[in-house]
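# Notes for the structure review
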Amino acid sequence: VVEKTPTAIGAVIAPDGTLDSAVVFALTSDSSGGVLLIPATLGIPTNYGLLPLSEFWKAEGIDAVAAGVGKVLNLNFTEKFAIEPNEWATLIGPYAPLTFNSPDAVRDSKDAVVFPKGTVTLKADQITSFLTSKSPKDNDVNRLIRQELFWKSWLTKVKSGSAPFPGTTASGLGRFVASVARGQLSISSLPVVPVPAGSPVPGGGPMVTSQESAALDAVAEIVPFPDGAPGARPRLRVLDGTGQLSNGINAAIILNAAGGQVDVIGNAKSFGQATTQIIYFDGTPEATAQQMQRALTMGELVASTQSNSGADMTVILGEDFLEKFGPTSGSSGLPSSSTSTVSSMTSTTVRK
């Protein structure tokens, strides 16, 4: 059974109590992971059309923010928390000042310059202002670039500094920041595009959207084993039919990046599988199986009338996958399993 990548979402709150942005954290190991920045103007699909993420915070707080971002990214979050304005001074205190090069000036609501373009040195009590100040002329793309620079500067200081993290590291923000800062780290922003001018936006402000493919790529960058909301990702079982693919772990990562959710990896009932097969069970659309087929760039589609409450699809990796991608780390060393194979299915149809 695959252990899912731990994830969290933090809501960055502005001094006036509104949502300024959201931050997704992921731990790919005990000492590495990623940070993905999300604008508060991200449009979330609802029954009433797109609504900005800021409206979700206004309506139901962090739970609604987690649900909204999770819908766009097809993710469930292990933890969720708000980062209030008065917390930044404490969080940054042991690592201040932070110095980096800002690509543009930071302006306030009256368009006055708060921090100039160029080298910026931030004291602990200036972090909230730098992160949340916003001019009417600002756009979220520029603001996210500035915020990326802040996160990179802070986490670099956390990694190199000797001071203990100011707060618990067993859960919440401290757990994720203290962990990802220790090793390999990816910091990026969700790719977004503006909603066309003239489109109705609640509150009258700007709104941006993210294409599904861009969202999947952003998640795959930091979450190799995602846990999706019920029905959001097809559930897969991946089996090594060659004995040389380490239970199919590489294929599992490829399938997850394509929008799947691999819950189980292991060995097939027997080895010597010549061709990769993608078996999709009753109730799973063929188009979903084709999506996984495209991700692997190979495989026969096998339609089964059997219902399977444990998975939507079973992928059995064959010699063709081994030939193209090579062994991951030699033989898995595990005995072959008796879990689902084509021979145990009933009424199957093979489609190339």
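Now for a quick tour of the structure. (Residues numbered from 1 in each chain as written. Predicted model: local features only at pLDDT ≥ 70, side-chain atom pairs only at ≥ 80, totals over all residues. Heavy atoms only, no water.)

Another aspect to go through is unusual backbone geometry. Where the residue is not glycine, phi is negative for most of them; where a peptide bond is considered, it is trans in most cases. Omega for the bond connecting Ala 96 with Pro 97 falls within 30 degrees of zero, at -5 degrees, which places this linkage in the cis form. Secondary-structure assignment places Pro 97 in the loop between helix H2 (88-92) and strand E7 (98-102). Within the chain, Ser 246 stands out as a residue other than glycine whose phi angle is a positive 50 degrees. Of note, Ser 246 is situated in the loop between strand E14 (235-240) and helix H7 (249-257). Located in the positive-phi region is Asn 247, a residue other than glycine, with phi close to 65 degrees. Taking the relative accessible area as the measure of exposure, Asn 247 reaches 13% and is therefore buried. (Helix = DSSP H or I, 4+ residues; strand = E, 2+ residues; numbered from the N terminus. Buried < 20%, exposed > 50% of the residue type's maximum accessible area, 1.4 Å probe, protein only.)

As a further point, take the sheet that holds strand E3 (residues 32-39). Note on sheets: strands pair through backbone hydrogen bonds, and any given pair is parallel or antiparallel. Ordered in space as E6-E1-E2-E3-E11, the five strands form an open sheet in which the pairing is mixed. At either margin of the open sheet sits one strand with a lone partner, and together these are strand E6 (79-83) and strand E11 (185-189). With direction set aside, neighbouring strand axes in the sheet form an average angle of 15 degrees. Where strand E2 (residues 19-29) lies against E3, eight bridges are found, and the strand directions are antiparallel. (Pairing = 2+ DSSP bridges. Axes fitted to C-alpha atoms, helices over the stretch in contact; angles between N-to-C directions.)

If you trace the backbone, Ile 187 turns up in strand E11. Sequence separation between Ile 187 and Gly 33 is 154 residues; the distance between their C-alpha atoms is 9.0 Å. Those residues within four positions of Ile 187 in sequence are excluded, and the remaining contacts are Val 35, Glu 148, Trp 151, Lys 152 and Leu 155. (Contact = heavy atoms within 4.5 Å.)

Moving on, we come to the packing of helix H4 (residues 140-160) against helix H5 (residues 172-180). To characterise two packed helices, one gives the angle between the axes of the helices and the distance between these axes. H5 packs onto H4 with a crossing angle of 75 degrees between their chain directions and a minimal axis gap of 8 Å. The orientation of H4 with respect to H5, classified from their angle, is roughly perpendicular. Contact residues: Trp 151, Trp 154, Leu 155 and Val 158 in H4; Leu 173, Val 177 and Val 180 in H5. Taken together, the residues of the contact of H4 with H5 break down into seven nonpolar, no polar and no charged. (Parallel < 35°, antiparallel > 145°, perpendicular 65-115°, else oblique. Nonpolar A, V, L, I, M, F, W, Y, C, P; charged D, E, K, R; others polar.)

Here we take up the pairing of strand E15 (residues 261-267). Counted residue by residue, E15 has five buried out of seven residues, so it is predominantly covered. Here E14 pairs with E15 via six bridges, running parallel. Bridge pairing in E15 places Leu 236 opposite Val 262. For the handedness criterion, the β-α-β arrangement of E14, H7 and E15 is classed as right-handed. (Right-handed = clockwise from strand over helix to strand, strands pointing away.)

To continue, consider the environment of Asn 139. Inspection of the secondary structure assignment puts Asn 139 in the loop between helix H3 (127-132) and H4. A relative accessible area of 36% means that Asn 139 is categorised as partly exposed. On a C-alpha basis, the gap between Asn 139 and Val 24 in space is 20 Å, while along the polypeptide they are 115 residues apart. From its side chain, Asn 139 meets the backbone nitrogen of Asn 142 in a polar contact 3.0 Å long. (Polar contact = N/O pair within 3.5 Å; in protein donor to acceptor, adjacent residues only side chain to side chain.)

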